[in-house]
Amino acid sequence: MFGSKEKSRRKLAGQVRDALGAPDWLESVDVDDSGRAILVLLADPADQAGAEARRIEAEGRAELVPGVRAVTSILTAQVTAPAHKHVKLEPAPRRVSKGARLSDEAMQQGAPTQGGSIPRIAGIDRILVVASAKGGVGKSTVAVNLAAAMAKAGMKVGLLDADVYGPSIPTMLGMQDAQPETAASKKLVPVEAHGMKTLSIGYLSDPDAPMIWRGPIVMSAIAQMLNDAEWGELDVLVIDTPPGTGDAQLAIAQRVPVTAAIIVTTPQEVALADVRRGAAMFTKTAVPVLGIVETMSWFEDPAGNRHYLMGEGGGAAMATTLGLPLLGQIPMLQTIREGGDSGKPAALGGGEPGRIFHELARTVAVGLDTLETKPAPEIIFED
Ligand SMILES: Nc1ncnc2c1ncn2[C@@H]1O[C@H](COP(=O)(O)OP(=O)(O)OP(=O)(O)O)[C@@H](O)[C@H]1O
């Protein structure tokens, strides 16, 4: 039974490939159980219009194949091998470099346009962006546990993993094998996990497939997950963004009707310049920053002594320097790490993590409630 299903999916994928004329730029075609064709298309990141035209053409043709119920396309950067040279394909970098910097031009582009507004996404009351200046500081852990704590407190919560370079949320939710269904409306149905509606590029792509994402292409994937999904009624949609202040973060700040952001950091003071840059990006794009969340703040030994392994008071100092509140401090806890590894957010359990994230969720929810939706730049969605 399973075998024949697999066979018919493969057959349909072959038909889609044929319908597209098997061009060089078609990297792969997959069809999932619900009849959704997932196309991975190669495109030149420098040629946004060309990439978009390619996507529209491919989706249009695939939709016409009998048996295809919906189409999702993922654009990945085209890498041209130098002529006459054997190129060994190394696994491509799947993350931005740690502490990626925003160019001055990009900062300029981030300036809000006067007089425009980003349309609200129907049904979504508030959008909270969880950002960090650097990778590996515990941002996704905060995003998942904060969202879970809000859901536990009775809020209707969505969680969008926009960290397209290294989507870790499916693992943190224990949903690595999940595949979002396609609704009759041809929209993606977010995966339900621990009382939240969740979407991640990790659900749609092979985690081992090389993917080099670039700004506009990344944005197209994020826009699809935001706009072409049945989120339903949400009190809050939490977006876990990639680390740094690159194109993807800027595009989210500019194009998504974000209510507010929080910035996650460790106490290590070295990150201050990067955090300042991150905060500046949000200021320039008129996204209010609710404050700083310091994580991995200390480690408490069994005798109750706190050890400040990454320095002490860095988050508070940073908050003071930036004129932002310190929303919370999260210690290093084995249960938090284990929760991430096992796919059961620690915030959902009792004990210290439950209490800490409940407090943080309350602080953030109150902060969101006191904010107006930002005056947004005038941007037309391409998708
Ligand atoms: N408070 C904490 N206590 C213990 N472990 C933690 C804590 N916060 C994060 N971790 C662990 O640190 C690692 C990195 O965390 P996480 O993936 O959330 O970081 P990130 O900033 O989202 O990283 P990336 O830049 O790779 O997306 C994970 O193994 C996570 O379980």
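Residues numbered from 1 in each chain as written. Predicted model: local features only at pLDDT ≥ 70, side-chain atom pairs only at ≥ 80, totals over all residues.

The name that an unreviewed UniProt entry assigns to the protein chain is Iron-sulfur cluster carrier protein, with the source organism given as Hyphomonas chukchiensis. Listed in UniProt under the heading Subunit (unreviewed entry), the comment for the protein chain reads: "Homodimer." Its UniProt record gives the protein chain the following Function (unreviewed entry) comment, quoted word for word: "Binds and transfers iron-sulfur (Fe-S) clusters to target apoproteins. Can hydrolyze ATP." (UniProt positions renumbered as here; feature names shortened; annotations may be inferred.)

Peer 1: Any chance you could explain the confidence of the model for the protein chain here in plain terms?
Peer 2: Taken residue by residue, the protein chain gives an average pLDDT of 79. The fraction at 70 or more is 80%. Within the model, pLDDT remains below 50 along residues 79-116, and this stretch shows 56 contacts once partners closer than five positions in the same chain are excluded. pLDDT under 50 marks residues 372-383. Its contacts with residues more than four places away, or in other chains, come to 31 contacts. Interface confidence for the predicted complex, expressed as ipTM, amounts to 0.97; the pTM equals 0.72. (pLDDT = per-residue confidence, 0-100. Contact = placed C-beta atoms within 7 Å.)

Peer 1: When you look at the UniProt feature "binding site: ATP" (unreviewed entry) in the protein chain in this model, what are you seeing that I'm missing?
Peer 2: Taking the UniProt record as the reference, the feature "binding site: ATP" (unreviewed entry) is found at Ala133, Lys134, Gly135, Gly136, Val137, Gly138, Lys139 and Ser140. For Lys134, a count of 22 C-beta atoms within 10 Å puts it in the buried group. What makes Gly135 partly exposed here is the crowd of 19 C-beta atoms within 10 Å. (Buried ≥ 20, exposed ≤ 12 C-beta atoms within 10 Å, placed from the backbone.)

Peer 1: What is the right way to look at helix H10 (residues 314-322) in this model?
Peer 2: Spacing of three or four residues puts side chains on the same side of an α-helix, whose turn is 3.6 residues. Here H10 has its buried residues at Gly314, Gly315, Met318 and Ala319. Projected down its long axis, H10 shows its buried positions confined to an angular sector of 135°, all on one face. Following H10 by one or two positions, Gly323 adopts a phi angle in the positive range, close to 70°. (Helix = DSSP H or I, 4+ residues; strand = E, 2+ residues; numbered from the N terminus. Arc of directions from axis to C-beta.)

Peer 1: Sorry if this is basic, but what is going on with the site of the ligand here?
Peer 2: Residues in close proximity to the ligand total 20 residues, the closest being Gly135, Gly138, Lys139, Ser140 and Thr141. Contributions of two or more residues to the shell around the ligand are made by helix H4 (139-152) and helix H11 (334-342). Taken together, the residues of the shell around the ligand break down into seven nonpolar, 10 polar and three charged. (Near = placed C-beta within 6 Å. Nonpolar A, V, L, I, M, F, W, Y, C, P; charged D, E, K, R; others polar.)

Peer 1: Explain the environment of Arg9 to me, please; I cannot follow it from the model alone.
Peer 2: Tracing the backbone through its elements, the reader meets Arg9 in helix H1 (residues 2-19). A residue is classified by how many C-beta atoms lie within 10 Å of it, and Arg9, with 17 of them, is partly exposed. C-alpha of Arg9 to C-alpha of Gly35: the two residues are 26 residues apart in sequence and 7.8 Å apart in space.

Peer 1: So what exactly am I meant to see when it comes to H4 here?
Peer 2: Here H4 spans 20 Å end to end across 14 residues, near enough to the 20 Å set by a 1.5 Å rise per residue. Of all 14 residues in H4, 14 are buried, a share of seventy percent or more. At the C-terminal side of H4, Gly154 shows a positive phi close to 100°. (Expected span 1.5 Å × (residues − 1).)

Peer 1: Explain the pairing of strand E10 (residues 236-240) to me, please; I cannot follow it from the model alone.
Peer 2: Consecutive side chains of a regular strand alternate in pointing toward one face of the sheet and then the other. In terms of burial, E10 is a largely internal element, five of the five residues being buried. Burial along E10 is two-sided: the face carrying Val236, Val238 and Asp240 and the face carrying Leu237 and Ile239 are both buried. In this structure, strand E4 (residues 127-132) lies alongside E10, joined through four bridges in parallel fashion. Across the sheet, the residue bridging to Leu128 is Val238, located in E10. Where strand E5 (residues 157-161) lies against E10, five bridges are found, and the strand directions are parallel. Among the inter-strand pairings, Asp161 is bridged to a residue of E10, identified as Asp240. (Pairing = 2+ DSSP bridges.)

Peer 1: Can you help me understand the sheet that holds strand E8 (residues 191-193) in this one?
Peer 2: Taken together, the eight strands give an open sheet; going across it, the order is E8-E9-E5-E10-E4-E11-E12-E15, and neighbouring strands pair in mixed fashion. Edge positions in the open sheet fall to E8 and strand E15 (326-330), since each of these has one partner strand only. Each strand axis lies, on average, 25° off the axis of its neighbour in the sheet, ignoring direction. When E4 meets strand E11 (residues 260-265), the two strands line up parallel, connected through five bridges. (Axes fitted to C-alpha atoms, helices over the stretch in contact; angles between N-to-C directions.)

Peer 1: Is there a simple way to explain unusual backbone geometry in this structure?
Peer 2: Among all residues save glycine, negative phi is the norm, and among peptide bonds the norm is trans. Non-glycine residue Ala22 carries a positive phi angle of around 40°. The residue Ala22 is located in the loop between H1 and strand E1 (26-31) in this model. Note on Ala22: 11 C-beta atoms within 10 Å, which makes it exposed. Positive phi, normally seen in glycine, also occurs at Ala286, with a value near 60°. Position of Ala286 relative to the elements: it lies in the loop between helix H9 (272-284) and strand E12 (289-295).

Peer 1: Is there a simple way to explain the nonpolar core in this structure?
Peer 2: Note on soluble globular proteins: their nonpolar side chains tend to be buried together. The biggest cluster of nonpolar side chains holds 99 residues, and the ones touching the most others in it are Leu146, Ala147, Val238 and Ala261. Residue contributions to this core reach at least three from each of two domains, namely domain 1 (2-77) and domain 2 (104-369). (Core = buried A, V, L, I, M, F, W, Y, C linked by C-beta atoms within 7 Å. Domains from an automatic or database assignment.)

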